[in-house]
Structures are given as C-alpha cells and as structure tokens.
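Listed here are the chains, written in short residue letters.
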Amino acid sequence: AGLLSNMIAATVAQELRLHGPAFTSDAACASSLVSIAQAATSLRAGVIDCALAGGVYICITPEHHIAFSRIGAMSRSGNCLPFDERADGFIQGDGCGVLVLKRLADAQRDGDRIWAVVDGIAMNNDGGGEGPMAPVKSGQIEVITAAWEDAGRDTAQLGYMEAHGTGTTVGDAVELSGLTEVFAGNTGIALGSCKANVGHTMSAAGVAGVLRAALAIHHETLPPMANFETAKPELELQSSPFCIP
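Residues numbered from 1 in each chain as written. Predicted model: local features only at pLDDT ≥ 70, side-chain atom pairs only at ≥ 80, totals over all residues. Heavy atoms only, no water.

## Regarding the confidence of the model for the protein chain
Confidence in the prediction of the protein chain, expressed as mean pLDDT, is 94, and 100% of residues score 70 or more. Here helix 3 (residues 63–70) is the element of the protein chain with the lowest mean pLDDT, 92, and helix 4 (residues 104–110) is the one with the highest, 98. (pLDDT = per-residue confidence, 0-100. Helix = DSSP H or I, 4+ residues; strand = E, 2+ residues; numbered from the N terminus.)

## Focus on the pattern of salt bridges
A full pass over the atoms with the stated rule returns 12 salt bridges. Notably, a salt bridge pairs Asp84 with Arg86, separated by 3.0 Å at the nearest N-O pair. The class of Asp84 is buried, set by a relative accessible area of 1%. Residue Arg86 is classed as partly exposed on the basis of its relative accessible area, which comes to 36%. (Salt bridge = Lys/Arg side-chain N within 4 Å of Asp/Glu carboxyl O. Buried < 20%, exposed > 50% of the residue type's maximum accessible area, 1.4 Å probe, protein only.)

## Regarding the sheet that holds strand 3 (residues 160–162)
Reading across the sheet, the 3 strands line up as 3-4-5 and stay open at both edges, with parallel pairing between neighbours. Two strands in the sheet have a free side with no partner beyond their single neighbour: strand 3 and strand 5 (242–243). Looking at chain direction, strand 3 and strand 4 (residues 189–192) are connected through 3 bridges and run parallel. What sits directly across from Tyr160, in strand 4, is Ala190. The strands touched by helix 8 (residues 205–219) within the sheet are strand 3 and strand 4, with strand 3 carrying the most contacts at an inclination of about 160°. (Pairing = 2+ DSSP bridges. Contact = heavy atoms within 4.5 Å. Axes fitted to C-alpha atoms, helices over the stretch in contact; angles between N-to-C directions.)

## Topic: unusual backbone geometry
In this model, Ala28 sits at a positive phi of 55°, which is unusual for a non-glycine residue. Structurally, Ala28 can be placed in the loop between helix 1 (7–16) and helix 2 (31–45). For Glu220, which is not glycine, the phi torsion reads 50° and is therefore positive. The residue Glu220 is located in the loop between helix 8 and strand 5 in this model. Classification of Glu220 as exposed rests on a relative accessible area of 74%.

Given below as structure tokens:
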C-alpha cells in the first residue's frame with residue numbers, strides 16, 4: 001500500500017496527527033500548484049484554517065527518462081537552460097517542497113513568519129493544440145489574466161515572473177509569447193525559472209517556483225537565471241516586457 005500515490009497525503013496526515021481533507025493531486029507538472037490552489041480555495045471558503053500543500057518527485061526508475069527522450073524533451077547536453085539559445089530540453093531533478101498556508105489575518109494574529117502572500121489564483125486547461133502536453137498560447141493568456149483579476153492587482157506592479165521555463169523549444173516560445181501579450185504595457189520585468197538550478201522536478205516543479213518567488217520577495221533580490229548567456233533570437237526577448245538577470 002505504501003507504493004500507492006494516494007497514500008502519500010494520508011501517511012503525512014497520520015504521522016502529524018492532522019484531521020480534515022488529506023488527498024493527493026495528480027495534474028502532471030502542475031500537481032503541486034493545483035494542491036496550493038485547492039488549499040487556498042478551501043481557506044477562502046472557511047472549510048479549513050491551515051493547510052500543508054506542495055509536491056514531491058523522486059525519479060528512481062528509467063521510464064520517464066526514456067519516454068521524454070523519445071519525444072525530444074530531454075537535454076542531450078545534460079543542462080536545463082530556459083530561454084537560452086543553447087537550450088535543448090530539460091533534465092529531471094528530485095525534489096520536495098511544502099507550504100504552510102493560512103489566511104493572512106490569522107497568520108498575523110498568530111505571529112507567524114509570513115514569507116509571502118498569495119493574492120490570486122486561477123486554473124484552466126488549454127484544451128486543443130497538438131496534444132495534451134503541447135502548450136497553447138490562448139489558454140496560457142486566459143489563466144494568467146484570470147489570476148490577476150482574482151488578485152485585484154494592477155499588472156504594472158509586477159517586478160518578477162517565475163516562469164515554467166522548461167528549456168524546450170515549443171514550451172519556452174509559447175510561454176514567453178503568452179506572457180508578453182498579457183504584460184505588453186510593462187517594461188523591465190525580471191524573468192526566471194528554477195529549472196535552471198534544480199532541473200524539472202515534475203510534480204514538485206510548481207511549488208519549487210513558488211518557493212523561489214517567495215524567497216525573492218523575502219530577500220528583496222531578483223534571482224539570476226543560472227548559466228544564462230544569450231536568449232534565443234526567435235524569442236525576441238529584447239522587444240518583450242522581460243529581461244533575464
């Protein structure tokens with residue numbers, strides 16, 4: 001039973017003597033973000049008062065490497081270089097990241113250390129395209145816009161964007177194109193991806209990006225993109241609202 005993915009959350013709840021909902025989300029590399037969004041929604045609704053949400057990924061068998069190599073997603077050079085002209089795919093990384101989430105007023109009341117505030121959330125699927133793994137620009141624009149509307153924030157306030165940034169040809173191009181359209185009126189937004197540091201941690205990839213963004217806010221520092229040299233010319237980064245530290 002310990003090998004069943006649905007036991008992961010149940011085991012944590014048992015060990016920490018937690019009550020309330022305990023379940024595992026499987027939404028591929030969005031899994032940990034879906035978990036965070038579900039927790040935030042439950043907190044907003046008053047269903048729960050505190051949540052542990054995140055993701056874990058450990059690659060101990062070769063199946064994923066073989067499958068992603070067959071579709072050309074794995075880096076032959078052994079490096080993940082998001083948005084870089086040398087990028088040739090991603091590498092896999094192992095990781096685990098968990099957030100403790102509470103309503104802001106409750107965290108302030110309890111004297112908790114507050115690393116960052118989640119203002120807005122949104123989820124969708126960009127149904128269509130060339131397959132379930134191929135990104136669609138319109139879907140990305142839709143979900144980013146929805147998240148900002150949910151937050152009630154002006155997009156002019158954005159100073160840093162933690163991207164999915166897989167280092168794949170199609171993925172980086174579609175993501176940057178969608179972001180450029182949403183934030184067309186901005187300039188000088190720093191762009192980054194933690195996959196340049198730790199690789200693609202699959203079901204833990206989303207929470208890794210959230211942690212990186214939260215730490216950037218906490219330390220008031222724009223994190224540089226590891227190993228970045230020159231952007232792919234076809235991305236037209238220089239004419240976008242973004243720059244890569």
